[in-house]
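# Summary of structural features
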Amino acid sequence: MGKFFFILFISIFYAAGFGMLWSGINSAKQSVEASNWPSVTGTITNLSLRENSDSDGTTYGVEVEYRYSVMGRTYTSSRLAFGYASSSGRQAHQDILNKLENASSVKVRYNPQNHAISTLSFGIHRSVKFTLAFAITWLAFVFGFTLIWWLASQPDDVLLKNMEVTLKRGSY
């Protein structure tokens, strides 16, 4: 029964790790694909630096909204980059905000199969790298924990097998 509960328990952590890994790989894939998408000129309609504070600290992230037109149809999007996420390093996000604040227009890359999907930047940036590194570290820890649990649950046959003793008289 203990083995069943351990497997159930540890499966939750494996699922979380593989979910993060899938998210990171998917963001990296989309971000690389976007480098080959066609582009148009767009206009920023809303821009701010979001600040979230709680008991764990403060995180920062750029919120952007922009408008662009493809084949006579106008679209609105808010994707800065695939996989972009807020973080505690204010300066990196402030630099993004400063670049966008001083822009009269932006280059918008759009998906040729679905023009409503777009991005302002592409490539495997820090947020994607962080997600991948965190997921791999998480899974390595969970695998290590699983290995330790499995080793602890095994009998130590080698120790007993290689121990040579002389039995007391009358012992069997």
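The preceding data block contains the structure.
Residues numbered from 1 in each chain as written. Predicted model: local features only at pLDDT ≥ 70, side-chain atom pairs only at ≥ 80, totals over all residues. Heavy atoms only, no water.

Moving on, we get to the overall build of the protein chain. Looking only at helices and strands, one finds four helices and five strands in the protein chain. Taken over C-alpha atoms, the radius of gyration comes to 26 Å for the protein chain, far larger than the 16 Å a tight globule of 172 residues would show. Principal axes of the C-alpha set define a box for the protein chain whose edges measure 100 × 40 × 25 Å. Out of the 172 residues belonging to the protein chain, those deemed buried represent 27%. In the protein chain, the proportion of contacts linking residues at least 24 apart, taken out of those at least 6 apart, comes to 68%. Taken as a whole, the protein chain presents about 12,000 Å² of accessible surface, with 58% of it coming from carbon and sulfur. The average position of the 15 basic charges and that of the 11 acidic charges among the side chains of the protein chain differ by 8 Å. (Helix = DSSP H or I, 4+ residues; strand = E, 2+ residues; numbered from the N terminus. Rg over C-alpha atoms; globule rule 2.2 N^0.38 Å. Buried < 20%, exposed > 50% of the residue type's maximum accessible area, 1.4 Å probe, protein only. Contact = heavy atoms within 4.5 Å. Areas by Shrake-Rupley, 256 points an atom, 1.4 Å probe, with all protein chains shown as cover. Lys, Arg positive; Asp, Glu negative; His and termini not counted. Charge placed at Lys NZ, Arg CZ, Asp CG, Glu CD.)

Time to look at the packing of helix H1 (residues 2-33) against helix H3 (residues 126-152). Relative to each other, H1 and H3 sit at 160°, their axes nearing to 8 Å. Between H1 and H3, the interaxial angle falls into the category roughly antiparallel. For the element pair H1 and H3, the recorded crossing hand is left-handed. Its residues assigned to classes, the contact of H1 with H3 comprises 21 nonpolar, five polar and one charged. (Axes fitted to C-alpha atoms, helices over the stretch in contact; angles between N-to-C directions. Parallel < 35°, antiparallel > 145°, perpendicular 65-115°, else oblique. Left-handed = near helix turned anticlockwise from the far one by under 90°. Nonpolar A, V, L, I, M, F, W, Y, C, P; charged D, E, K, R; others polar.)

Right, let's get into the packing of aromatic side chains. One pass over the full model with this rule turns up eleven aromatic pairs. Look at Trp37 and Phe82: their rings are 5.8 Å apart centre to centre, the planes differ by 85°, and that puts the pair in the edge-to-face class. Pair noted here: Trp37 is in the loop between H1 and strand S1 (39-54) and Phe82 is in the loop between strand S3 (73-77) and helix H2 (90-101), with a separation of 45 residues, a long-range link. Overall, the relative accessible area of 5% leaves Phe82 in the buried class. (Phe/Tyr/Trp six-rings, centres within 6.5 Å; stacked < 30°, edge-to-face > 60°.)

Attention shifts here to H1. With 32 residues, H1 extends 46 Å between its outermost C-alpha atoms, agreeing within 8% with the 46 Å of an ideal straight helix rising 1.5 Å per residue. Regarding H1, the residues found buried are Phe6, Ile10, Gly17, Leu21, Gly24, Ser27, Ala28 and Ser31. (Expected span 1.5 Å × (residues − 1).)

Quick look at H3 now. For H3, with 27 residues, the first-to-last C-alpha span of 38 Å sits near the 39 Å given by 1.5 Å per residue. Considered for burial, the residues of H3 that qualify are Ser127, Val128, Leu132, Ala135, Leu139, Val142 and Thr146. Buried-residue contacts for H3 involve H1.

Taken together, the side chains of Leu159, Leu160, Met163, Val165 and Leu167 make up a nonpolar region of the molecular surface, amounting to roughly 530 Å² of accessible area. Mapped onto the fold, Val165 is located in the segment after helix H4 (157-161). The exposure class of Val165 is exposed, given its relative accessible area of 59%. (Patch = residues over 30% accessible without salt bridge, like charges linked within 9 Å, V, L, I, M, F, W, Y side chains within 5 Å. Salt bridge = Lys/Arg side-chain N within 4 Å of Asp/Glu carboxyl O.)

Within the element layout of this structure, Arg109 appears in strand S4 (residues 106-110). No salt bridge is formed by the buried Arg109, whose closest oppositely charged neighbour, Glu33, lies at an N-O distance of 12 Å. A polar side-chain atom of Arg109 sits 3.4 Å from the main-chain carbonyl oxygen of Trp37. For Arg109, the residues in contact, after removing those within four places along its chain, are Ala34, Ser35, Trp37, Pro38, Ser39, Ile117, Ser118, Thr119 and Phe122. (Polar contact = N/O pair within 3.5 Å; in protein donor to acceptor, adjacent residues only side chain to side chain.)

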